[in-house]
Amino acid sequence: MPMSEENHATVAVTGVTGALGSRIAARLAERGVPQLLVGRDPGRIPELPGAQRRGPAAYGDAPAMRRALEGASTLILVSGYRTGRRLEEHATAVEAAIAVGVDRVLYVSLVGASPVATYLNARDQWETEQFLAGAGVRHTVLRAGFYTSTPAALADEEFVVSGPASTGRAAFVTHEDITDVITAVALDEGPRSEHDGAILEITGPEALTLDEAVTRIAAATGRPYRFEPETLEEAFARRWQRGITGEQIETWISWFQAIEKGEISMVTDVVPRLTGSPATPISDAAWWPEPKTARGVR
């Protein structure tokens, strides 16, 4: 049963038109949490009980973010897509939140975030984590593993997933498990939380090679997905011939290389510890995207 709104402080959620942000907002609405749903295009923001739609507000637009976040006490900051200015945009959003009285930030980062991460997006995420550590605001970093759905979305029209990774492993995690962990942290609303200052690595239940993961996706969907390893040279040439930009190719290849190097292979107990349920295996994932729909790694 949803809880009454007076039992909860107001939570602002960004990225609510995306696959993860929309799930977080829906789950909080189910729990009766009053929300401010923040986005660049208010017309695309979902209508949910107990939620106000705020915007247009881009991360890098400080006045718009201050208006959008007015009245919130917690900000769930879902990372934007890599633009080359991710740190600057995230910092602007956090500073706007602090300016209007937000006292806690929950930041959705990436497993493997570090200044020397192989996956380029994970370097950007680490920079935001460092900014938060010095921003003087209560915060929790929620490092999400690679999505269970991403290999399916990376497949071509013949359901082939190709990339430079053969023996490396990743603990793929579902959007739903990430959502449940973030919801659990958001609902821990006291003046202090055991999660303040913590870095929570959110992973699936086991580390799989891409061949193993794609084979399980094929079994779960009934579609003929298969994985074909490539050399770095083959991976570059194939994407270049399709007219993909150099930056996109670099990011895409680095996703596979991070898997090959084992940087995303850790398996943690964060999902069962915070949700009370085991992490979801690939075979039990709730949904699958269509091929050729991946963003951010293409």
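Residues numbered from 1 in each chain as written. Predicted model: local features only at pLDDT ≥ 70, side-chain atom pairs only at ≥ 80, totals over all residues. Heavy atoms only, no water.

## With respect to the overall build of the protein
Helix and strand counts for the protein stand at ten helices and nine strands. In terms of overall size, the protein behaves like a compact globule, its C-alpha atoms giving a radius of gyration of 19 Å where 298 residues would be expected to give roughly 19 Å. Projected onto its principal axes, the C-alpha positions of the protein cover 55 × 40 × 35 Å. For the protein, the residues scored as buried account for 51% of the 298 residues in total. For the protein, the share of sequence-separated contacts (at least 6 apart) that also reach a separation of at least 24 residues comes to 75%. The averaged location of the 39 negative side-chain charges in the protein is 3 Å from the averaged location of its 29 positive side-chain charges. (Helix = DSSP H or I, 4+ residues; strand = E, 2+ residues; numbered from the N terminus. Rg over C-alpha atoms; globule rule 2.2 N^0.38 Å. Buried < 20%, exposed > 50% of the residue type's maximum accessible area, 1.4 Å probe, protein only. Contact = heavy atoms within 4.5 Å. Lys, Arg positive; Asp, Glu negative; His and termini not counted. Charge placed at Lys NZ, Arg CZ, Asp CG, Glu CD.)

## A short note on the packing of aromatic side chains
Under the counting rule described, the total for this entry stands at six aromatic pairs. A centroid spacing of 5.1 Å and a plane angle of 80 degrees characterise the contact between Phe159 and Tyr225, whose relative ring orientation is edge-to-face. In this pair, Phe159 is assigned in the loop between helix H5 (150-154) and strand S7 (160-163) and Tyr225 in the loop between helix H7 (210-221) and strand S9 (226-229), connecting sequence segments 66 residues apart. For the residue pair Phe159 and Tyr225, the accessibility class agrees, reading buried in each case. An aromatic cluster of three or more residues is present, and its members are Tyr119, Phe146, Trp252, Trp255 and Phe256. Sitting over the ring of Trp252, Arg239 keeps its end group 4.4 Å from the ring centre. (Phe/Tyr/Trp six-rings, centres within 6.5 Å; stacked < 30°, edge-to-face > 60°. Lys NZ or Arg CZ within 6 Å of the ring centre and 35° of its normal.)

## So, the pattern of salt bridges
Counted under the stated rule, the structure contains 15 salt bridges. The residue Arg23 makes a salt bridge to Glu176 at a minimum N-O spacing of 3.0 Å. A residue pair is termed long-range when its members are at least 10 positions apart, and Arg23 in helix H1 (residues 19-30) and Glu176 in helix H6 (residues 175-186) qualify at 153 residues. Where Glu230 meets Arg238, a salt bridge forms, and the shortest distance between an N and an O atom there is 2.7 Å. Residues joined by salt bridges that share partners form a network here, namely Arg27, Glu30 and Asp180. (Salt bridge = Lys/Arg side-chain N within 4 Å of Asp/Glu carboxyl O.)

## Examining the nonpolar core
Formed by 35 residues in total, the largest nonpolar core has its most connected members in Phe146, Phe172, Leu210, Tyr225, Trp255 and Phe256. Listing elements by their share of this core, those giving two or more residues are H5, H7 and helix H9 (246-260). Here the element with the most residues in this core is H9; it accounts for seven residues. For Tyr225, the contacting residues outside a window of four places in its chain are Ala152, Ala155, Phe159, Val214, Ile217, Ala218, Pro289 and Pro291. Listed in part, the 31 residues of the second largest apolar core include Val16, Leu48, Val78 and Ala198. (Core = buried A, V, L, I, M, F, W, Y, C linked by side-chain atoms within 4.5 Å.)

## A look at the packing of helix H2 (residues 62-69) against helix H3 (residues 86-99)
With their axes 8 Å apart at the nearest point, H2 and H3 run at an angle of 45 degrees to one another. In terms of axis orientation, H2 runs oblique to H3. In the packing of H2 onto H3, the handedness of the crossing is right-handed. Mapping the contact onto sequence places Ala62, Met65, Arg66 and Leu69 in H2 and Thr92, Ala93, Ala96, Ala97 and Ala99 in H3. Considered class by class, the residues forming the contact of H2 with H3 number seven nonpolar, one polar and one charged. (Axes fitted to C-alpha atoms, helices over the stretch in contact; angles between N-to-C directions. Parallel < 35°, antiparallel > 145°, perpendicular 65-115°, else oblique. Left-handed = near helix turned anticlockwise from the far one by under 90°. Nonpolar A, V, L, I, M, F, W, Y, C, P; charged D, E, K, R; others polar.)

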